[in-house]
There are 2 protein chains.
Amino acid sequence: MRITDVAAAAGVSAITVSRALNAPELLSKATLRRVLSAVERMGYVPNLTAGALSSRRSRMIVAIVPTIASPMYAETLQAFTDVLSQAGYHVVLGLGGFDGRDEEQLITTLLGRQPEGLLLVGAVQSTGARRRLAEAMIPVVQIWGDASTAADLQVGFSHASVGEAVANHLCDRGYRAFGVVSSDDPRALERLEGFRRGLQRRGLLLATQRLMPPPSTLMEGRAALEPLLRDLPRHGAVFCSSDLLAAGLLIEAGVRGVRIPGELAICGFGDLEIGRAMEPALTTVSVDGTEMGQLAARCLVDRLAGNRIPRRLSVPAEIIQRGTT
Amino acid sequence: MRITDVAAAAGVSAITVSRALNAPELLSKATLRRVLSAVERMGYVPNLTAGALSSRRSRMIVAIVPTIASPMYAETLQAFTDVLSQAGYHVVLGLGGFDGRDEEQLITTLLGRQPEGLLLVGAVQSTGARRRLAEAMIPVVQIWGDASTAADLQVGFSHASVGEAVANHLCDRGYRAFGVVSSDDPRALERLEGFRRGLQRRGLLLATQRLMPPPSTLMEGRAALEPLLRDLPRHGAVFCSSDLLAAGLLIEAGVRGVRIPGELAICGFGDLEIGRAMEPALTTVSVDGTEMGQLAARCLVDRLAGNRIPRRLSVPAEIIQRGTT
DNA sequence: TTGTAGGCGTTATCAA
DNA sequence: TTGATAACGCCTACAA
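**Notes on the overall build of chain A**
A count of helical and extended segments in chain A gives 13 helices and twelve strands. A compact globule built from 325 residues should have a C-alpha radius of gyration of about 20 Å, whereas chain A, at 25 Å, is more than 25% larger. If you line up chain A on its principal axes, its C-alpha atoms span 85 × 40 × 30 Å.

Okay, structure coming up:
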């Protein structure tokens with residue numbers, strides 16, 4: 001069924017049906033009613049592909065995310081999609097993984113959909129992909145990235161500053177020996193660098209660090225406790241790149257009877273529900289994934305509506321002091 | 001830039017460029033090379049919207065999921081998208097929530113994209129939406145649903161049977177008093193019904209049940225322990241609709257010094273990582289969300305390739321006996 | 001192996 | 001307020 005079928009049934013031209021659906025204020029009340037009732041009666045569903053081609057407005061946004069198996073990204077994408085859906089956009093999903101393999105290929109085919117905007121979680125790795133994005137001439141919001149890899153629009157926070165803030169926080173609470181258990185994805189590494197620098201500024205050193213490929217899991221956290229206890233003096237503190245790793249440490253500590261924070265202090269990252277639910281509750285860095293997703297979506301919507309918007313938006317990343325430090 | 005620009009640059013007609021990209025085997029080696037090099041040099045990205053309109057093949061699949069904030073659905077969608085991406089399809093995301101509000105609206109606009117297939121997580125609530133789907137004449141795979149609400153294609157398992165199997169398992173292990181802590185979403189309720197029926201068959205009754213709206217959280221699990229201990233005799237067993245609820249019970253039990261499974265046995269559902277990582281490890285029902293997602297994707301790909309495929313596919317749901325029962 | 005003509009279903013543009 | 005006409009960029013069908 002096409003728009004002309006509905007038009008014929010309503011005794012109007014095709015363009016009038018189009019207007020009834022897209023710009024009803026242009027039609028007389030009577031015509032509008034007649035057309036809409038025909039649409040309803042016939043169960044007409046407009047072909048958005050044709051509409052997009054003709055109007056050069058696809059009403060689609062592409063979201064490129066490393067994975068949605070990680071709760072942080074899933075939460076962000078959920079919020080992003082919800083807001084865009086309200087605004088009349090559809091979201092096309094691109095799951096890129098953490099390595100840059102096939103990145104350009106993925107981005108290229110997705111750009112072929114003529115999206116009106118694009119969400120990028122993390123940085124683009126390959127220069128080829130970066131060029132493609134630039135050539136697409138559409139707004140690109142980057143989140144979870146950092147200024148150095150910034151795209152067109154940026155919603156986020158400085159990972160390095162977060163690392164430094166955690167270092168200061170732990171020093172202020174009196175800890176003097178430090179370890180890190182971390183994923184080796186680019187964002188986590190930046191936080192680690194910031195952490196190390198923060199310690200240096202206080203004249204302190206990192207005693208031990210353990211890196212592992214993403215995604216981080218509870219089990220890896222559990223497995224990390226034993227070597228950590230070996231390498232780190234008593235009463236030390238560890239900064240984990242994810243609440244999952246931190247919670248894993250906590251669980252294993254429970255099993256082994258290691259007192260937290262007495263024998264080992266733990267700070268996580270992400271403020272996941274599991275951290276709040278553990279006992280003792282996890283000290284962590286809270287970044288509101290939902291807010292980031294919503295903000296990113298609003299940036300795009302505003303920009304596409306022709307509004308001026310700031311190119312850099314900060315989301316607070318704050319340390320939540322709870323029971324493990 | 002259009003296909004004709006590339007064609008001009010390569011000294012061929014537009015259709016030859018199209019073939020170089022979509023059916024290279026039809027071209028001579030020399031022409032193919034010439035065209036592809038022009039494509040490469042000019043950074044041409046085909047307009048898939050135009051292609052879809054012309055070929056009537058959108059190469060898009062719509063995925064309708066209640067939420068991706070829940071790890072089970074996120075995992076399934078991740079696997080689904082990965083497989084389809086390999087097969088050259090793009091996935092458009094529709095997040096529907098758990099209630100039926102706006103469901104028909106969402107499905108209708110998404111169908112306007114002319115998807116070639118559709119994934120449905122859970123059942124369609126409204127009859128309007130069901131009619132739309134039927135009229136779309138495209139393959140629809142339903143997962144996480146059950147036979148009674150079955151769509152065109154079905155990948156899943158019987159929630160009722162799972163509930164019954166858990167009842168039998170717990171009885172066989174010697175428990176005689178039973179409780180349930182559950183979300184009230186349709187799938188969870190079906191498992192609960194099956195559980196109750198399984199108990200009845202053994203001449204046993206459910207002593208207490210606590211229902212709550214989805215999504216389930218660890219915190220709700222923690223909060224559920226105290227009333228549960230009040231209402232359930234010692235040495236009872238509880239069946240939770242999610243590993244998150246079950247893990248919450250475990251954490252709270254740790255805090256209160258309630259011995260698990262000595263004083264309370266716990267069985268979860270979903271086999272999430274958190275259940276495996278807890279101490280004692282959680283007895284649960286394992287349904288492979290990744291496999292369901294992959295299977296659903298392959299169903300669609302096969303069907304779209306014109307292959308005959310079974311309309312009902314079962315995924316095993318097996319009880320994993322671990323430390324909490 | 002390559003090309004020509006025409007149409008996919010909608011909306012922009014201009015006219016009435 | 002409504003309509004006629006001509007794109008939008010690509011691919012199917014058929015022809016050479």
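**Here we look at the packing of helix α1 (residues 3-10) of chain A against helix α2 (residues 14-22) of chain A**
Residues and elements named next belong to chain A. Across the interface, α1 lies against α2 with an axial gap of 8 Å and an inter-helix angle of 100°. Compared by their axis directions, α1 and α2 come out roughly perpendicular. Together, I3, T4, V6, A7 and A10 of α1 and A14, T16, V17 and S18 of α2 make up the contact between the two elements. Here the contact of α1 with α2 is composed, by residue class, of six nonpolar, three polar and no charged.

**A word on the protein's contact with DNA strand D**
Neighbouring DNA strand D are 23 residues; T31 of chain A together with I3, S18, G51 and S54 of chain B lie closest to it. The biggest single contributor to the surface near DNA strand D is helix α4 (residues 48-55) of chain B, with five residues. The residue inventory of the surface near DNA strand D, partitioned by class, reads eleven nonpolar, eleven polar and one charged.

**Regarding the interface of chain A and chain B**
Of the residues lining the interface, 47 residues belong to chain A; the matching set on chain B comes to 46 residues. Going through the elements one at a time, α4 (48-55), α5 (71-86), β2 (90-95), α6 (103-111), α10 (218-231), α11 (243-256) and α12 (273-277) of chain A are the ones with two or more residues in the side of chain A that touches chain B. The element best represented in the side of chain A that touches chain B is α5 of chain A, accounting for eight residues. Taken together, the residues of the side of chain A that touches chain B break down into 24 nonpolar, 15 polar and eight charged. The sheet contact formed by β2 of chain A and strand β2 (residues 90-95) of chain B spans three bridges and is antiparallel. Note that in β2 of chain B the partner of L93 of chain A across the bridge is V91 of chain B.

**Remarks on the protein's contact with DNA strand C**
Residues in contact with DNA strand C amount to 23 residues; listed here are only the nearest, I3, S18, G51 and S54 of chain A together with T31 of chain B. Mapped by element, the contributors of at least two residues to the surface near DNA strand C are α2 and α4 of chain A together with α2 (14-22) and α4 of chain B. Here the surface near DNA strand C gets five residues from one element, more than from any other, and that element is α4 of chain A. Looking at the surface near DNA strand C residue by residue, the class counts come to eleven nonpolar, eleven polar and one charged.

**Some words on the sheet that holds strand β8 (residues 236-240) of chain A**
Residue and element names in this part refer to chain A. Reading across the sheet, the four strands line up as β7-β6-β8-β9 and stay open at both edges, with parallel pairing between neighbours. Both edges of this open sheet fall to β7 (206-212) and β9 (264-267), since each of them pairs with a single strand only. The average angle at which neighbouring strand axes cross in this sheet is 15°, direction not considered. Sheet contacts for helix α9 (residues 186-201): β6 (178-183), β7 and β8; angle to β6, the most-contacted strand, approximately 170°.

**Thoughts on the pairing of strand β4 (residues 140-143) of chain A**
Residues and elements named next belong to chain A. Here β4 shows a buried face lined by V140 and Q142 and a second buried face lined by V141 and I143. When strand β3 (residues 117-121) meets β4, the two strands line up parallel, connected through four bridges. Bridge assignment links V121 to a residue of β4, and that residue is I143. The parallel pair β3 and β4, bridged by helix α7 (residues 127-136), forms a crossover whose chirality is right-handed. Where β4 lies against strand β5 (residues 153-156), three bridges are found, and the strand directions are parallel. Its bridge partner lying in β5, V141 is registered against L153.

**Here we look at the sheet that holds strand β4 (residues 140-143) of chain B**
In a beta sheet, neighbouring strands are held together by backbone hydrogen bonds and run either parallel or antiparallel to one another. Here we have twelve strands laid out as an open sheet, ordered β11(A)-β5(A)-β4(A)-β3(A)-β1(A)-β2(A)-β2(B)-β1(B)-β3(B)-β4(B)-β5(B)-β11(B), and mixed in their pairing. What marks the edges here is a single partner per strand, and that holds for β11 (312-314) of chain A together with β11 (312-314) of chain B. On average, each strand axis in the sheet is tilted by 20° relative to the strand beside it, whichever way the strands run. Where strand β1 (residues 60-65) of chain B and strand β3 (residues 117-121) of chain B come together, four bridges link them in parallel fashion. By the bridge assignment, I64 of chain B is partnered in β3 of chain B with L120 of chain B. Of the strands in this sheet, β2 of chain A together with β1 and β2 of chain B touch helix α6 (residues 103-111) of chain B, which is tilted by about 160° from β2 of chain B.

**Here's the deal with unusual backbone geometry**
Going from P214 of chain A to P215 of chain A, the amide bond is cis rather than trans, its omega being -5°. Of note, P215 of chain A is situated in the loop between β7 and α10. With an omega dihedral of 5°, the bond running from I260 of chain A to P261 of chain A counts as a cis peptide bond. Looking at the secondary structure, you find P261 of chain A in the loop between α11 and β9. At R59 of chain B, a residue that is not glycine, the phi angle is positive and equals roughly 55°. One can find R59 of chain B in the loop between α4 and β1.

**A short note on helix α8 (residues 159-172) of chain B**
Residues and elements named next belong to chain B. Over its 14 residues, α8 runs 20 Å from end to end, which matches the ideal 20 Å to within 8%, given 1.5 Å per residue. For α8, every residue scored as buried is listed here: H159, A160, V162, G163, E164, V166, A167 and L170. In this fold, the buried residues of α8 make contact with β6 (178-183), α9 (186-201), β8 (236-240), β9 (264-267), β10 (284-287) and β12 (317-320). One or two positions beyond α8, positive phi appears at G174, with a value near 100°.

Basis of the calculations
As a convention, each chain's residues are numbered from 1 in the sequence order in which they are written. Each chain is given a letter, starting from A, and each ligand a number, starting from 1, according to the order in which they appear as written. In keeping with the predicted nature of the model, local features appear solely for residues at pLDDT of at least 70, side-chain atom pairs appear and are counted solely at 80 or more, and the whole-chain, interface and lining totals rest on all residues. By the criteria applied, helices consist of DSSP H or I runs no shorter than four residues and strands consist of E runs no shorter than two, each listed in order from the N terminus. Here the globule rule reads 2.2 Å times residues to the power 0.38, and the radius of gyration is calculated from C-alpha atoms. Here an angle of 0 to 180 degrees is reported between the N-to-C directions of two axes, which are lines fitted to C-alpha atoms, with helices fitted over the stretch in contact. For classification purposes, angles smaller than 35 degrees are called roughly parallel, those larger than 145 roughly antiparallel, those between 65 and 115 roughly perpendicular, and all remaining angles oblique. What counts as a contact here is a pair of residues whose C-beta atoms, placed from the backbone, lie within 7 Å. Only Asp, Glu, Lys and Arg are considered charged in this grouping, and only Ala, Val, Leu, Ile, Met, Phe, Trp, Tyr, Cys and Pro are considered nonpolar; every other residue, Gly among them, is considered polar. Any residue qualifies as near a molecule or strand once its backbone-derived C-beta atom lies within 6 Å of it. At least two bridges found by DSSP between two strands are what make those strands a pair. Three exposure classes are used, based on other C-beta atoms lying within 10 Å of a residue's own C-beta, which is placed from the backbone: buried for 20 or more, exposed for 12 or fewer, and partly exposed in between. By the criterion used throughout, a crossover qualifies as right-handed when its path from the first strand across the helix to the second strand runs clockwise, the strands pointing away from the viewer. Given a helix with a known number of residues, its expected span is that number minus one, times 1.5 Å.

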